Protein chains: 2
Amino acid sequence: MSAESRFLTLLRLLANDPAAQELRDDVAVLPVGGARLILTSDTMVEGIHYLPTDPPADIGWKLAAVNLSDLAAKGAKPLGCLLNYALSGDDAWDAAFLEGLGEALERHAMPLLGGDTVKMPEGSARSYSLTAIGEATGPVPVRGGARAGDRLYLTGPVGDAGAGLDLLRADPAAAGPLVDACRRPRPRLAEGALLAPHVSAMMDVSDGLLIDTARLAEASGLAVTIDHVPLSRALEKARGASTAVQIAAARAGDDYELLFTLPAGVKPPLRAIPVGRMERGSGLTLKIDGTIMPLPDRLGWEHG
Amino acid sequence: MSAESRFLTLLRLLANDPAAQELRDDVAVLPVGGARLILTSDTMVEGIHYLPTDPPADIGWKLAAVNLSDLAAKGAKPLGCLLNYALSGDDAWDAAFLEGLGEALERHAMPLLGGDTVKMPEGSARSYSLTAIGEATGPVPVRGGARAGDRLYLTGPVGDAGAGLDLLRADPAAAGPLVDACRRPRPRLAEGALLAPHVSAMMDVSDGLLIDTARLAEASGLAVTIDHVPLSRALEKARGASTAVQIAAARAGDDYELLFTLPAGVKPPLRAIPVGRMERGSGLTLKIDGTIMPLPDRLGWEHG
């Protein structure tokens, strides 16, 4: 059991309000004055969630995007956010961070409402938190709502962001669509709002298709088979579509597509890619070109 | 202009939603579905806002208390909070932090609803953020609502927490009421809710009586004279009530009493201590025993 898992166990004892949903989802759902608030918060740490050499505007963008993606998975409309910011000691860096954050907030109509700014002691890694507040516009999908027989879908291909990160690790000046996918992920807010009234379960794919699908299945008390790993043209062009490339794409994180389930025979209300099906039982099966694959030791990005 | 002031200037360009109140208050006020949410967030950094040797339960308590105090100053009812936590690498430390946090949350009926837990790179200072969500129960007082002729009040004495910090700096094993005031500040939620419908202006005293009074006056476009610095019995017993002790108490932070104004002739709806009056003009005057004092170079705790 990791330190984070042990801490989460203690946190659950504290978070005993129904709105906290036992901390088993990415968000809290808080009823207030006839509305249902959707609450989420993410922290990004220098050296852990981003590299000190990353462009600050992209770090700011990503902090907004990861929180907006959690709202998207609930079909929520962004209402506003609060920023906890650690000053860098470099005004130009701070200004660029805010510029990227501001672009993402403006693009997705999420006002910045407040927060706190601090200095860190010399030499410390910095960290940034954003807390996003959204409002449910209809039914709020959960991870654990899938039923046996449901089909599993993605709103888009996976693996681009992971491939972009590989490119950047080899050459910090790399550019192109894979690098863009890594640095400027796009939260699927419009898709989430369209899907929310129809899906039986939904979540965003932040840690990787394999691990997030396993989580959706576990929360639903079901088994799941993934029989298709959708790749983008950009990724196929760069790396081909071998079994190894597909497995790498299924393990890669930071794509922020939406993963959802619908009963067999129900057509998705938007263009979506069928990737598998839910079944009675438990566990994850990965088929590539019809063949069951041994699962990698590490399914994706596991926190802690 | 400090780095924080420069950053705040940039932030204000982004935070152009009316709910953000130009970031000139400690909270945002967001109307949602017939309710008005009160939103605030505070970050505590190791080595800046607390000492690495402080008991973790007290750090957890204080993180909750400082956010609850911001809600108190708006007369708001706590609805819930989200925690951004940096794991310490020491399970017992983390558990003790949560125990203190949980005590403060339970005492003030603020449920923990979610958040994020991260690891920091080896050797980094850790930081913790809490974002609190409250609901306005009536009129929401602002800092800038005082009028000329209004009387200025405090809900209690000042200087205890600062004196407690001095004791702890001299001896980390120090104990007693002054140390308690420093480590376990009590947010004035009941007082705030009682006062909110009556006051012309209100804020909590987090950075010190002098500096926070100057802020209230500036926001109200007025001058202010403080003619009384109330001391607790514990502080008088420990240090006496000399002019120097009174000035130190007026500069000390972390007391979290409420500072508010009422028109002359209006009796406060609870026991409160008259400490001064608002006047036409600008600037802060400090009188001790009827004599105008030169203001100290540093009025209190200034961020950044």
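Calculation notes
- Residues numbered from 1 in each chain as written.
- Chains lettered and ligands numbered in written order.
- Predicted model: local features only at pLDDT ≥ 70, side-chain atom pairs only at ≥ 80, totals over all residues.
- Heavy atoms only, no water.
- Helix = DSSP H or I, 4+ residues; strand = E, 2+ residues; numbered from the N terminus.
- Rg over C-alpha atoms; globule rule 2.2 N^0.38 Å.
- Buried < 20%, exposed > 50% of the residue type's maximum accessible area, 1.4 Å probe, protein only.
- Contact = heavy atoms within 4.5 Å.
- Areas by Shrake-Rupley, 256 points an atom, 1.4 Å probe, with all protein chains shown as cover.
- Lys, Arg positive; Asp, Glu negative; His and termini not counted.
- Charge placed at Lys NZ, Arg CZ, Asp CG, Glu CD.
- Pairing = 2+ DSSP bridges.
- Axes fitted to C-alpha atoms, helices over the stretch in contact; angles between N-to-C directions.
- UniProt positions renumbered as here; feature names shortened; annotations may be inferred.
- Phe/Tyr/Trp six-rings, centres within 6.5 Å; stacked < 30°, edge-to-face > 60°.
- Lys NZ or Arg CZ within 6 Å of the ring centre and 35° of its normal.
- Least-squares fit on C-alpha atoms with pLDDT ≥ 70 in both.
- Core = buried A, V, L, I, M, F, W, Y, C linked by side-chain atoms within 4.5 Å.
- Buried area = accessible area lost by both parts, 1.4 Å probe.
- Salt bridge = Lys/Arg side-chain N within 4 Å of Asp/Glu carboxyl O.
- Polar contact = N/O pair within 3.5 Å; in protein donor to acceptor, adjacent residues only side chain to side chain.
- Nonpolar A, V, L, I, M, F, W, Y, C, P; charged D, E, K, R; others polar.
- Expected span 1.5 Å × (residues − 1).
- Arc of directions from axis to C-beta.

Q: I keep staring at the overall build of chain A and nothing clicks. Help me out?
A: From N to C terminus, chain A includes 9 helices and 12 strands. Whereas a compact globule of 304 residues would reach a radius of gyration of roughly 19 Å, chain A reaches 19 Å, a difference of no more than 12%. Its C-alpha atoms give chain A principal-axis dimensions of roughly 55 × 50 × 40 Å. Evaluated residue by residue, chain A yields a buried proportion of 57% over its 304 residues. Sequence-distant contacts, at least 24 apart, represent 81% of the contacts inside chain A between residues at least 6 apart. As displayed, chain A has an accessible area near 12300 Å², and 51% of this comes from carbon and sulfur atoms. Across chain A, the centroid of the 29 positively charged side chains sits 6 Å from that of the 38 negatively charged ones.

Q: Mind showing me how you'd approach unusual backbone geometry here?
A: With the exception of glycine, the majority of residues adopt a negative phi angle, and the majority of peptide bonds are in the trans configuration. Residue and element names in this part refer to chain A. A positive phi angle, close to 50°, is found at Gln21, a residue other than glycine. Note that Gln21 resides in the loop between helix H1 (3-14) and strand S1 (28-32). Phi at Leu23 takes a positive value of approximately 55°, unusual for a residue other than glycine. Note on placement: Leu23 falls in the loop between H1 and S1.

Q: Quick question: what am I supposed to make of the sheet that holds strand S7 (residues 201-204) of chain B here?
A: By definition, the strands of a sheet pair up through backbone hydrogen bonds, in either a parallel or an antiparallel sense. Residue and element names in this part refer to chain B. Spatial strand order, S7-S9-S6-S10-S8-S11-S12: 7 strands in an open sheet with mixed pairing. What marks the edges here is a single partner per strand, and that holds for S7 and strand S12 (291-293). Recorded for the sheet is a direction-independent mean angle of 25° between the axes of neighbouring strands. Two strands pair when backbone bridges link them, and strand S8 (residues 223-226) and strand S10 (residues 273-279) are joined in this way by 4 bridges, in the antiparallel orientation. Pairing of Thr225 across the sheet is with Arg277, part of S10. Against the sheet, helix H9 (residues 243-251) touches strand S11 (283-288) and S12, its axis set at about 145° to S11.

Q: I would appreciate a short explanation of the UniProt feature "domain: PurM-like C-terminal" (unreviewed entry) in chain A in the present structure.
A: In this structure's numbering, the residues bearing the UniProt feature "domain: PurM-like C-terminal" (unreviewed entry) are residues 147-236 of chain A. Taken end to end, residues 147-236 of chain A is 46% helix and 13% strand, and its first and last C-alpha atoms sit 33 Å apart.

Q: Explanation requested: the pairing of S1 of chain A in the structure shown.
A: Two faces, one strand: in a regular strand the side chains alternate between the faces of the sheet. All names here are of chain A. In terms of residue burial, S1 counts as a mostly covered element, since 4 of its 5 residues are buried. As paired strands, S1 and strand S2 (residues 35-45) are joined by 5 bridges and run antiparallel to one another. Across the sheet, Pro31 pairs through a bridge with Arg36, a residue of S2. Hairpin connection from S1 to S2: 2 residues lie between these consecutive antiparallel strands, with Gly33 at a positive phi of about 50°.

Q: Even after reading the chapter, I still don't get the packing of aromatic side chains, so can you show me in this structure?
A: Centre distance and the angle of the planes are the two values used to describe a pair of aromatic rings. This model, assessed by the stated rule, comprises 16 aromatic pairs over all chains. With a centroid separation of 6.1 Å and an interplanar angle of 35°, the aromatic rings of Tyr50 of chain A and Tyr128 of chain A are classed as tilted. Pair noted here: Tyr50 of chain A is in the loop between S2 and helix H2 (56-72) and Tyr128 of chain A is in strand S5 (residues 127-136), with a separation of 78 residues, a long-range link. In this pair, the class of Tyr50 of chain A matches that of Tyr128 of chain A, namely buried. Their ring planes at 20° and their centres at 6.1 Å tell us that Trp93 of chain A and Phe97 of chain A sit as a pair that is stacked. Within this pair, Trp93 of chain A and its partner Phe97 of chain A are both found in helix H3 (residues 91-107), separated by 4 residues, close to a single helical turn. Taken together, the ring pairs in this structure connect Phe7 of chain A together with Tyr50, Tyr85, Trp93, Phe97 and Tyr128 of chain B into an aromatic cluster. Lying over the aromatic face of Trp93 of chain A, Arg126 of chain A brings its terminal NZ or CZ to 4.8 Å of the ring centre.

Q: Please clarify how the relation of the copies chain B and chain A should be interpreted in this entry.
A: Both copies of the chain are related by one operation, a rotation about an axis with a shift along it. Of the transformation superimposing chain B on chain A, the axial component is 0.0 Å and the angular component is 180°, with the fit at an RMSD of 0.0 Å. As the rotation angle and translation indicate, the two copies are arranged about a two-fold axis. Considering only C-alpha atoms, the part of chain B nearest the rotation axis is Ser124 of chain B, at 2.3 Å. Counting the interface residues of chain B, we find that 100% of their copies in chain A are interface residues as well, pointing to one common contact surface.

Q: It is not clear to me how the environment of Ala148 of chain A should be interpreted in this structure. Could you clarify?
A: Its location among the elements puts Ala148 of chain A in the loop between S5 and strand S6 (151-154). Taking the relative accessible area as the measure of exposure, Ala148 of chain A reaches 33% and is therefore partly exposed.

Q: What exactly am I supposed to notice about the nonpolar core here?
A: The nonpolar side chains of soluble globular proteins are, as a tendency, buried together. Core analysis: the biggest nonpolar cluster contains 126 residues, and Leu83 and Phe97 of chain A together with Leu83 and Phe97 of chain B have the highest contact counts within it. Setting aside its immediate chain neighbours within four residues, Phe97 of chain A contacts Pro56, Ala57, Ile59, Gly60, Leu63, Leu83, Tyr85 and Tyr128 of chain A.

Q: Just checking my understanding: could you explain the interface of chain B and chain A for this structure?
A: Interface size, as often reported, equals the accessible area lost upon joining of the parts. Each side of the interface is counted separately: chain B has 59 residues, and chain A has 59 residues. Between chain B and chain A the total buried area reaches about 4800 Å² when both faces are included, carbon and sulfur atoms providing 71% of it. When the buried area of chain B at its contact with chain A is split by residue, Phe7, Leu14 and Leu113 of chain B rank highest and sum to 14% of it. For the interface between chain B and chain A, the tally reads 2 salt bridges. Counting the contacts that link chain B with chain A gives 13 residue pairs in polar contact (both at pLDDT 80 or more). Only helix H1 (3-14), strand S1 (28-32), strand S2 (35-45), strand S3 (76-86), helix H3 (91-107), strand S4 (112-118) and strand S5 (127-136) of chain B provide two or more residues apiece to the side of chain B that touches chain A. Broken down by element, the side of chain B that touches chain A gets its largest block of residues, 8 residues, from S2 of chain B. Taken together, the residues of the side of chain B that touches chain A sort by class into 33 nonpolar, 16 polar and 10 charged.

Q: Just to check I follow, could you spell out the UniProt feature "binding site: substrate" (unreviewed entry) in chain A for this structure?
A: Residue and element names in this part refer to chain A. Here, UniProt's "binding site: substrate" (unreviewed entry) annotation points to His49, Asp254 and Trp301. A maximum C-alpha distance of 10.9 Å among these annotated residues, which run over 253 residues, shows that they cluster at one spot. Note on placement: His49 falls in the loop between S2 and H2. For Trp301, a relative accessible area of 37% corresponds to the partly exposed category. Those residues within four positions of Trp301 in sequence are excluded, and the remaining contacts are Ile48, His49, Asp207, Ile211 and Arg215.

Q: Even after reading the chapter, I still don't get H1 of chain B, so can you show me in this structure?
A: Residue pairs three or four apart in sequence face the same way in an α-helix, which turns once every 3.6 residues. Residues and elements named next belong to chain B. Taking 1.5 Å per residue, 12 residues should reach 16 Å; H1 reaches 17 Å between its end C-alpha atoms and fits that length. Buried within H1 are the following residues: Glu4, Phe7 and Leu11. Taken end-on, H1 shows its buried residues confined to a sector of 65°, consistent with a single buried face.

Q: Before we go on, may I ask you to explain helix H9 (residues 243-251) of chain A in this structure?
A: Every buried residue of H9 of chain A is listed here: Val245, Gln246, Ile247, Ala249 and Ala250 of chain A. Contacts from the buried residues of H9 of chain A go to helix H7 (209-220), helix H8 (233-239) and strand S11 (283-288) of chain A.

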